[in-house]
Amino acid sequence: MLGIIGGTGLTQLANLEITHRQVARTPYGEPSGALTFGRICGQEVIFLARHGYGHTIPPHNVNYRANLWALKDHGVDRVVSVATVGAIHPGLLPGMLVIPSQIIDYTHGREATYFVGGDKPVVHLDFTLPYCEAMRAALLEAAASAGITLRDGGVYGVTQGPRLETAAEINRMERDGVDMVGMTGMPEAYLARELELCYAAVGAVVNQAAGRGRSAEGIQMGEVQAMLGEVMLQVRRLIEQLVTDDATAQSKA
Ligand code: HPA
C-alpha cells in the first residue's frame, strides 16, 4: 500500500476519500498525528501530516522514526514524501516540482536510526542511492501522463531549521553541489531504507534560497505562502495520477 507523508502546505489531501483515522503507537513513541486511511480513485492509501494536522511540529522535533514505523506497521510498503524546498540551482524556480536523486545531510541531533545498540548489532546500510528508483520512476511517469512538469534529479540539502539559512550558508551549499534546500529530508529517507520501504521525495519549490534571485534581500514569506497553495495543487494532481496508474497496473496484472 502507498503511504503519503505531507509536509508544509499539505496537511490534507482534497482528493482523499477518508475511511477512518487511527492513532498509532510505536516502540519509538507517537507519530506526528493519527494515520488517515482512505481511498484515492478507489485505491487504499494512508496519509500522514509530517508536522501534525495543525502544523505544530517543527522539522527538528518530528518523530521520523515513529512516522515511518507506524506507516509500515499498517501495511505501507511504498512512500511518497512531499517536502517544500528553496531553490539553489538557477534552473529551479518557485512553482516547480522536482524529484531529488541525492541528499546531503546537514542536520544534527536527530534520532537517525532504528539500530540503537543494546542487544541489537549495529547495521551500516548502503545509501549510495538514497531514494528508491522504482518510486522515482513511478512519479516521473505519473507526471508525464498528467502533463505535469517535473524535474528529474538533483541534490537535496537538508538543514536543521527551523530558521532559514544565511546567504553565506547557501553559497557554501552551492559549492557542495546542493540544488535545493529543505529541512525534513533526513533522517526520513535513511529510516525508510532501514525499514526497507520504497521511498522517494517530491520537492515543491516555494522560494529561491536566501541571497538568490527574488530572495537577494531576504525571503518574502508572503510570497512563499502564496506559492505553497499553487504548488500543492500540482502535488495533489501528481499523487492522484500516481494512484490511478497503480490501479491500472493492478487491473492488468
Ligand atoms: N530553506 C530551507 N527549507 C525550506 C526553504 C528554504 O529556503 N524553502 C522551503 N523549505
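Residues numbered from 1 in each chain as written. Predicted model: local features only at pLDDT ≥ 70, side-chain atom pairs only at ≥ 80, totals over all residues. Heavy atoms only, no water.

Asks: An account of the site of the ligand is needed here, citing residue identities and associated values.
Replies: Taken together, the neighbourhood of the ligand is formed by Thr84, Val85, Gly86, Leu164, Glu165, Val181, Gly182, Met183, Val206 and Asn207. Within the contact set of the ligand, a nitrogen atom lies 3.4 Å away from a backbone nitrogen or oxygen of threonine 84. Between a nitrogen atom of the ligand and a side-chain N or O atom of glutamate 165, the distance comes to 2.8 Å. Elements with a contribution of two residues or more to the shell around the ligand: β5 (78-87), β10 (180-182) and β11 (198-208). Looking at the shell around the ligand, the element that brings in the most residues is β5, giving three residues. (Near = heavy atom within 4 Å. Polar contact = N/O pair within 3.5 Å; in protein donor to acceptor, adjacent residues only side chain to side chain. Helix = DSSP H or I, 4+ residues; strand = E, 2+ residues; numbered from the N terminus.)

Asks: Describe the packing of helix α2 (residues 133-146) against helix α5 (residues 221-252), and please don't skip the residues or the numbers.
Replies: Close contact between α2 and α5 brings their axes to 8 Å; oriented N to C, the two are set at 105°. On the basis of the axis angle, α2 is roughly perpendicular to α5. Facing Met135, Ala138, Leu139, Glu141, Ala142, Ala143, Ser145 and Ala146 of α2, the residues of α5 in contact are Arg237, Leu238, Gln241, Leu242 and Asp245. In terms of residue class, the contact of α2 with α5 is built from eight nonpolar, two polar and three charged. (Axes fitted to C-alpha atoms, helices over the stretch in contact; angles between N-to-C directions. Parallel < 35°, antiparallel > 145°, perpendicular 65-115°, else oblique. Contact = heavy atoms within 4.5 Å. Nonpolar A, V, L, I, M, F, W, Y, C, P; charged D, E, K, R; others polar.)

Asks: How would you sum up the state of the cysteines? Please name residues and give values.
Replies: The full count for this structure, using the stated rule, is one disulfide. With its sulfur 1.9 Å from that of its partner, cysteine 132 forms a disulfide with cysteine 198. Between cysteine 132 and cysteine 198, the S-S torsion sits near -70°, and that sign places the bridge as left-handed. With cysteine 132 in the loop between β7 (102-105) and α2 and cysteine 198 in strand β11, this pair connects stretches of sequence that are 66 residues apart. (Disulfide = S-S within 2.5 Å.)

Asks: So what about the packing of aromatic side chains? Which residues, and what values?
Replies: Counted by the stated rule, this structure contains five aromatic pairs. Ring plane angle 75° and centroid distance 5.0 Å describe the contact between tyrosine 28 and tyrosine 114, whose orientation is recorded as edge-to-face. In this pair, tyrosine 28 sits in the loop between β2 (17-22) and β3 (35-40) while tyrosine 114 sits in the loop between β7 and α2, placing the two residues 86 residues apart along the sequence. Per residue, the accessibility class of tyrosine 28 equals that of tyrosine 114, and both read buried. Grouping aromatic residues by their ring pairs yields a cluster made of Tyr28, Trp69 and Tyr114. In this structure, arginine 21 packs its charged tip against the face of tyrosine 53, placed 5.9 Å from the ring centre. (Phe/Tyr/Trp six-rings, centres within 6.5 Å; stacked < 30°, edge-to-face > 60°. Buried < 20%, exposed > 50% of the residue type's maximum accessible area, 1.4 Å probe, protein only. Lys NZ or Arg CZ within 6 Å of the ring centre and 35° of its normal.)

Asks: Kindly report on unusual backbone geometry, identifying the contributing residues and their values.
Replies: The omega angle of the peptide bond from glycine 161 to proline 162 is -5°, so this bond is cis rather than trans. Considering the arrangement of structural elements, one finds proline 162 in the loop between β9 (155-158) and α3 (167-176). Here methionine 186 and proline 187 are connected by a cis peptide whose omega angle stands at 5°. Among the secondary structure elements, proline 187 is positioned in the loop between β10 and α4 (188-194). Here the phi dihedral of cysteine 41 falls at roughly 50°; this positive angle occurs in a residue that is not glycine. Relative to the elements of secondary structure, cysteine 41 occurs in the loop between β3 and β4 (43-49). Classification of cysteine 41 as partly exposed rests on a relative accessible area of 43%.

Asks: Which residues make up the environment of glycine 161, and what values do they have?
Replies: Considering the arrangement of structural elements, one finds glycine 161 in the loop between β9 and α3. For the pair glycine 161 and aspartate 73, spaced 88 residues apart in sequence, the C-alpha to C-alpha distance is 29 Å.

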